[in-house]
Amino acid sequence: AVVSTQSTGGLLEDIFHVELEVTDSRSVLSAVKKVSDIVGTDGLNLLINNAAIMQHGKGVVGCSDQEMKETLDVNVVGPLSVTNNFYPLLKLAAECNSHIPVSCARAAVFNISSELGSISNTKTSFTTAYRVSKAALNMLTKCQASEFIKDGIVSLSVHPGWVRTDLGGPRAPLSTKESVEDIAYMITHCTEEHNGMYVRKNLVPEPY
């Protein structure tokens, strides 16, 4: 996990690296404590749930019970646990910035999803467990959005593009820099109208 703070001029001031294993409740609680010590009474403005696993090439028949359980544990239960435990800090930030319209400048949750989580666009069973987990993450985002907005927290599911990472592989068209720039745009431009949405580059809606 990475935590950054800003100077009074709005410029990046400090970056802190905090160890966090999303499937380990003790690790999550430890991270919350460390982040709380860093941000203090300002709270946490933005939580990005990015951790995910995918075992390549397996359809329905090739997907074992264990693979499905492990994938859901990291890709769905992980974001649920992390968000719920960081929620008091998000709520604190929203309260401290109540004069600001609902946005990432106030408080937000970004769940990094995938176009493979789109049910309506699914034409193949390739990477079944991963697809199922991202579709479930999109539903989790919808539920978070309906519940969190009352506290001034906006929630989105974000498709980051097909990116050249260990998960995306070397054939992916986007570099990490390009994907990060796309996500940064979404962070700085999302508003209350995007709450609960499933989006890609430039906040374009992705079909559920």
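First things first, this report covers the structure right here in the doc. Computed from a predicted structure; not experimentally measured.

Looking now at the packing of aromatic side chains. A full pass over the atoms with the stated rule returns two aromatic pairs. Ring geometry for Tyr87 and Phe148: centres 4.5 Å apart, planes at 45°, overall tilted. Placement of Tyr87 in helix α2 (residues 65-96) and of Phe148 in helix α3 (residues 128-148) is noted, with a sequence separation of 61 residues between them. Of the two residues, Tyr87 and Phe148, both sit in the buried class. Between Tyr198 and Tyr208, the aromatic rings sit 5.2 Å apart at their centres with planes inclined by 45°, giving tilted as the arrangement.

Let us look at the pattern of salt bridges. If you walk through the whole model with that rule in mind, you get seven salt bridges. Between Lys33 and Asp37 there is a salt bridge, and its shortest N-O distance comes to 2.8 Å. Of this pair, Lys33 and Asp37 both sit in helix α1 (residues 25-39), separated by four residues, roughly a single helical turn. By the burial criterion, Lys33 is exposed, and Asp37 matches it. With a closest N to O distance of 3.7 Å, Asp151 and Lys150 form a salt bridge. Salt bridges here are not isolated pairs; linked through shared partners, they connect Glu115, Arg200 and Glu206.

This part takes up the side chain of His159. With respect to the helices and strands, the residue His159 is situated in the loop between β5 (154-158) and α4 (176-189). At 3.1 Å, the side chain of His159 and the backbone nitrogen of Glu115 are in polar contact. Beyond its immediate chain neighbours, meaning those up to four positions away, His159 contacts Ser113, Ser114, Glu115, Met186, Val199, Arg200 and Lys201.

For α1, built from 15 residues, the straight-helix expectation of 21 Å at 1.5 Å per residue is met to within 8% by its first-to-last C-alpha distance of 21 Å. Residues of α1 that are buried include every one of Ser27, Val28, Ala31, Val32, Val35 and Val39, and no others. Taken end-on, α1 shows its buried residues confined to a sector of 140°, consistent with a single buried face. The outward face of α1, more than 90 degrees from its buried face, is lined by the exposed residues Arg26, Lys33 and Asp37. Where α1 begins, one side-chain oxygen reaches toward the backbone nitrogen of Arg26, 3.0 Å away; that side chain belongs to Asp24.

A large share of strand β4 (residues 108-112) lies buried, amounting to five of its five residues. Side chains Ala108, Phe110 and Ile112 project from β4 onto one buried face, and the interleaved Val109 and Asn111 project onto a second face that is buried too. Looking at chain direction, strand β3 (residues 46-49) and β4 are connected through four bridges and run parallel. Note that in β4 the partner of Asn49 across the bridge is Asn111. Bridge count for β4 against β5 is five bridges, and the pairing is parallel. In the strand pairing of β5, Phe110 is matched with Leu156.

On to the sheet that holds β3. Pairing in this open sheet of five strands is mixed, and the strands run β3-β4-β5-β6-β7 from one edge to the other. Among the strands making up the open sheet, the edge pair consists of β3 and β7 (204-205). Sitting on the sheet, α2 touches β3 and β4, and the angle it makes with β3 is about 175°. Strands in contact with α4 are β3, β4, β5 and β6 (198-200); relative to β4, the strand with the most contacts, it is inclined by about 150°.

Cut-offs used in this document
- Residues numbered from 1 in each chain as written.
- Predicted model: local features only at pLDDT ≥ 70, side-chain atom pairs only at ≥ 80, totals over all residues.
- Heavy atoms only, no water.
- Phe/Tyr/Trp six-rings, centres within 6.5 Å; stacked < 30°, edge-to-face > 60°.
- Helix = DSSP H or I, 4+ residues; strand = E, 2+ residues; numbered from the N terminus.
- Buried < 20%, exposed > 50% of the residue type's maximum accessible area, 1.4 Å probe, protein only.
- Salt bridge = Lys/Arg side-chain N within 4 Å of Asp/Glu carboxyl O.
- Polar contact = N/O pair within 3.5 Å; in protein donor to acceptor, adjacent residues only side chain to side chain.
- Contact = heavy atoms within 4.5 Å.
- Expected span 1.5 Å × (residues − 1).
- Arc of directions from axis to C-beta.
- Pairing = 2+ DSSP bridges.
- Axes fitted to C-alpha atoms, helices over the stretch in contact; angles between N-to-C directions.

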